[in-house]
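One letter stands for each residue in the lines below.
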Protein chains: 2
Amino acid sequence: MMVLITYDVNTETAAGKKRLAKMAKKCTNYGQRVQNSVFECLIEPAMFKQLQDQLEKIMDKEKDSLRFYYLGDEWKTRVYHVGSKKTMDLEGTLII
Amino acid sequence: MMVLITYDVNTETAAGKKRLAKMAKKCTNYGQRVQNSVFECLIEPAMFKQLQDQLEKIMDKEKDSLRFYYLGDEWKTRVYHVGSKKTMDLEGTLII
């Protein structure tokens, strides 16, 4: 399934900056960074649950915001991009 | 329909900072800011076309990234939030 992950991390403190770096690293492991705080993850439900748990452990729920958008199987028809940072097709054929 | 709008504006220059402010203002007019660069817009298709045109005119397509995610009518089942910045229910009953 395709899940869009967006976050706002409060980086006023050094601890906040650390959380931001950890969140970004974790998301990068599971998906494609399409904007600074926006990731598209093509992921199995069990794996997603794991990622969600990890992100919730990293974040500070009093200060940071984390949102998940489940885009479903027909996700390609739901996305429209304009401008820089073009993305790769996560389901495209890989030629090696 | 519900459209999620996310953007990354390159703010290395004063012109970039101006674009960012303009993009944010425009999106705020049409929807709810759920994170710094993430807006949820419950909007009619004709109005959305207008907003999209305006955003594309403001942005620098060489430097900035703008993404639209069409969440459809069942959008409430597609969104999951954790942490701060709780949002209001855009379709809820308004008591006056």
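Bear in mind the structure is a predicted one, so any value in this text is a computation, not a measurement. (Residues numbered from 1 in each chain as written. Chains lettered and ligands numbered in written order. Predicted model: local features only at pLDDT ≥ 70, side-chain atom pairs only at ≥ 80, totals over all residues. Heavy atoms only, no water.)

Peer 1: I'd like to hear about the overall build of chain A, residue by residue, with values.
Peer 2: When its secondary structure is counted, chain A shows 2 helices and 5 strands. Going residue by residue from the N terminus, the α and β elements of chain A occur as β-α-β-β-α-β-β. Partitioning the intrachain contacts of chain A with sequence separation of at least 6 by distance along the chain shows that 64% fall at a separation of at least 24. Total accessible area computed for chain A in this model is approximately 5,500 Å², and 53% of it derives from carbon and sulfur atoms. Side-chain charges of chain A comprise 16 positive and 13 negative groups, with the mean position of each set lying 7 Å from the other. (Helix = DSSP H or I, 4+ residues; strand = E, 2+ residues; numbered from the N terminus. Contact = heavy atoms within 4.5 Å. Areas by Shrake-Rupley, 256 points an atom, 1.4 Å probe, with all protein chains shown as cover. Lys, Arg positive; Asp, Glu negative; His and termini not counted. Charge placed at Lys NZ, Arg CZ, Asp CG, Glu CD.)

Peer 1: Break down the nonpolar core for me, citing the residues and quoting the values.
Peer 2: Core analysis: the biggest nonpolar cluster contains 19 residues, and Ile5(A), Tyr7(A), Met23(A), Leu55(A), Leu66(A) and Phe68(A) have the highest contact counts within it. At the level of elements, β1 (2-8), α1 (14-30), β3 (38-42), α2 (45-58) and β4 (65-72) of chain A are the ones that each hand at least two residues to this core. Judged by nonpolar contacts, the second largest core, of 18 residues, contains Tyr7(B), Met23(B), Ala24(B) and Ile58(B). (Core = buried A, V, L, I, M, F, W, Y, C linked by side-chain atoms within 4.5 Å. Buried < 20%, exposed > 50% of the residue type's maximum accessible area, 1.4 Å probe, protein only.)

Peer 1: Go over the interface of chain B and chain A, please, and point to the residues and values.
Peer 2: Across the boundary between the two partners, chain B contributes 34 residues, which contact 34 residues of chain A. On the surface where chain B and chain A come into contact, there are 2 salt bridges. Across the salt bridge formed by Glu40(B) and Arg67(A), the nearest N and O atoms sit 2.7 Å from each other. Connecting chain B to chain A are 26 residue pairs in polar contact (both at pLDDT 80 or more). Of all the secondary structure elements, the ones that give two or more residues to the side of chain B that touches chain A are β1 (2-8), β2 (32-35), β3 (38-42), α2 (45-58), β4 (65-72) and β5 (79-83) of chain B. The biggest single contributor to the side of chain B that touches chain A is β4(B), with 8 residues. Taken together, the residues that form the side of chain B that touches chain A break down as 13 nonpolar, 11 polar and 10 charged. Note: strand β5 (residues 79-83) of chain A against β4(B), 5 bridges, orientation antiparallel. Paired with Tyr80(A) across the two strands is Phe68(B), which belongs to β4(B). (Salt bridge = Lys/Arg side-chain N within 4 Å of Asp/Glu carboxyl O. Polar contact = N/O pair within 3.5 Å; in protein donor to acceptor, adjacent residues only side chain to side chain. Nonpolar A, V, L, I, M, F, W, Y, C, P; charged D, E, K, R; others polar. Pairing = 2+ DSSP bridges.)

Peer 1: Could you give me a rundown of the pattern of salt bridges, with the residues and numbers involved?
Peer 2: On inspection of all chains with the given rule, the structure shows 10 salt bridges over all chains. Residues Glu56(B) and Lys61(B) are paired through a salt bridge, measuring 3.1 Å at the closest nitrogen-oxygen approach.

Peer 1: Now, about the sheet that holds strand β2 (residues 32-35) of chain A: what can you tell me, with residues and values included?
Peer 2: In a beta sheet, neighbouring strands pair by backbone hydrogen bonds and run either parallel or antiparallel. The antiparallel open sheet is built from 5 strands, whose spatial order is β2(A)-β3(A)-β1(A)-β4(A)-β5(B). The open sheet is flanked by β2 of chain A together with β5 of chain B, the only strands paired with a single partner. Between one strand axis and the next, the sheet turns by 25 degrees as a mean value, whatever way the strands run. Of the pairings in the sheet, the one linking β2(A) to β3(A) comprises 3 bridges and is antiparallel in character. (Axes fitted to C-alpha atoms, helices over the stretch in contact; angles between N-to-C directions.)

Peer 1: Describe the state of the cysteines, and please don't skip the residues or the numbers.
Peer 2: All chains considered together, the criterion is met by 0 disulfides over all chains. Not engaged in a disulfide, the cysteine Cys27(A) finds its nearest cysteine sulfur in Cys41(A); these two sulfurs lie 5.8 Å apart. (Disulfide = S-S within 2.5 Å.)

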